[in-house]
Amino acid sequence: MNGTWVTTIVDYGTGSSILNGWKDIVIDSNDKVHIAYVNRHSSAGVNITTNQNNTWQVESIPGTSQNQGGPQYVSMAIDSNDHLHVAFAYTGNYWRLRYVHNAGGSWSSSPSSAPFSTCQKHGANECGQHTSIAIDSNDAVHISDQFVSARALRYHTNASGSWESTVYNHGGSTAQDGNGYETAIVLDSNDDVHIIHSNMTSSIHAIVETTHQGLSLIHISEPTRLLSIGGGVVSVK
């Protein structure tokens, strides 16, 4: 591979300004870099750093400040117009999914309806962790996360013009068994959705692909279970 690696410090903090949280990166149509990350300073929250004006500039997304409940699990995607879309989990009294974008020229507020206001359940049910976001060829948004209280994979999209959600459940015998750990979502050339996530059953972890085709989430892959033995990883079916 030709070329040389170059390291650039794009932001830094001292004291209570800690920049060691979740991060994501996208490239726009002009090959400019956009980085989303958590600034744990009490007056900050989700930051966006970009070099689109040929110098690194930092912006804090309004309404995501740490003192309103810390953002975590930040994921970012970019649409065909170079607008940024960011999904993340928010901790307050309970975990909740949040989604913001700058498609209108300024940063939006997170929607106030389900699946962002609640987990479609009442009370202490929590959701929004292990978040990932992708944009399809029509600039519709697709988000995966975990329904934490049920340990279920959730999938959300506004492709129809309003937000719709599907929950993919997997039962288990322990409190930690389930789906939706560390999700990652992508779309193929047909705009079919592919989600990679971890499944845990009886303390055995599996890497699982779940594909969205048509009206429901379909589990199509045979899971490969990863078991740690003596510091190594072996594959067992």
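If you're wondering where the values come from, they're calculated on a predicted model, not measured in any experiment. Just so you know, the residues in each chain are numbered from 1, in the order the chain's sequence is written. Owing to the predicted nature of the model, reporting of local features is limited to residues with pLDDT of at least 70; listing and counting of side-chain atom pairs is limited to 80 or more, with chain, interface and lining totals taken over all residues. Only hydrogens and water are set aside; all other atoms, that is, all heavy atoms of the structure, feed into the side-chain values.

1. A short note on unusual backbone geometry
Threshold: In this description a helix means any DSSP run of H or I spanning at least four residues, a strand means any run of E spanning at least two, and both kinds are numbered starting from the N terminus. Buried means the residue's accessible area, taken with a 1.4 Å probe over protein chains only, is under 20% of the maximum for its type, while exposed means over 50%, and partly exposed covers the values in between.
Here alanine 114 and proline 115 are connected by a cis peptide whose omega angle stands at 15°. Along the polypeptide, proline 115 turns up in the loop between strand 7 (95-101) and strand 8 (129-135). The phi dihedral of asparagine 54 is positive, around 70°, even though this residue is not glycine. Its location among the elements puts asparagine 54 in the loop between strand 3 (46-50) and strand 4 (57-60). Even without being a glycine, glutamate 182 presents a positive backbone phi close to 50°. Here glutamate 182 is to be found in strand 12 (residues 178-187). For glutamate 182, a relative accessible area of 53% corresponds to the exposed category.

2. Notes on the environment of arginine 96
One can find arginine 96 in strand 7. Sequence separation between arginine 96 and phenylalanine 147 is 51 residues, and the spatial gap between their C-alpha atoms is 9.3 Å.

3. Quick look at the sheet that holds strand 4
The criterion, for reference: Strand pairing is assigned whenever DSSP identifies at least 2 bridges connecting the two strands. Working convention: axes come from line fits to C-alpha atoms, limited for helices to the stretch in contact. Angles between N-to-C directions cover 0 to 180 degrees.
Overall, antiparallel pairing links the four strands, which are arranged 1-2-3-4 in an open sheet. On the outer flanks of this sheet lie strand 1 (23-27) and strand 4, each paired with one strand and no other. In this sheet, neighbouring strand axes are inclined to one another by 20° on average, regardless of whether the strands run parallel or antiparallel.

4. Let's talk about the environment of methionine 76
Structurally, the position occupied by methionine 76 is in strand 5 (residues 71-78). Assessed through its relative accessible area of 4%, methionine 76 is described here as buried. Placed 39 residues apart in sequence, methionine 76 and tyrosine 37 show a C-alpha to C-alpha distance of 9.5 Å.

5. A word on the sheet that holds strand 7
Strand order in this open sheet of three strands is 5-6-7, and the pairing throughout is antiparallel. Each edge of the open sheet carries a strand with a single partner, namely strand 5 and strand 7. In this sheet, neighbouring strand axes are inclined to one another by 15° on average, regardless of whether the strands run parallel or antiparallel. Pairing of strand 6 (residues 84-91) with strand 7, which is carried by seven bridges, proceeds in the antiparallel orientation. Among the inter-strand pairings, valine 86 is bridged to a residue of strand 7, identified as valine 100.

6. Remarks on the confidence of the model for the protein
As a reminder, the rule being used: Each residue carries a pLDDT score, the predictor's confidence in it, ranging from 0 to 100. We call two residues in contact whenever any of their non-hydrogen atoms come within 4.5 Å of each other.
The share of residues in the protein with pLDDT of 70 or more is 76%, and the mean pLDDT across the chain is 80. Within the protein, strand 1 carries the highest mean pLDDT (96), whereas strand 17 (residues 232-236) carries the lowest (36). Counting contacts from residues 222-237, a segment whose pLDDT is below 50, to residues more than four positions away or on other chains yields 27 contacts.

7. Brief notes about the layout of surface pockets
For the record, the criterion: Using only the protein atoms, space was sampled on a 1 Å grid; points where a 1.4 Å probe fits but cannot get out form cavities, open sets with protein on both sides within 12 Å along at least five of seven lines form pockets, and lining residues are those with an atom within 4 Å of a point. Grid points are joined across faces, edges and corners, and a volume is the space filled by probe spheres set on the points.
Of the volumes computed, that of the largest pocket is approximately 290 Å³. Along the wall of the largest pocket there are 12 residues; nearest its centre are Thr8, Val10, Lys23, Ile35 and Tyr37. At the level of elements, strand 1 and strand 2 (33-38) are the ones that each hand at least two residues to the lining of the largest pocket.

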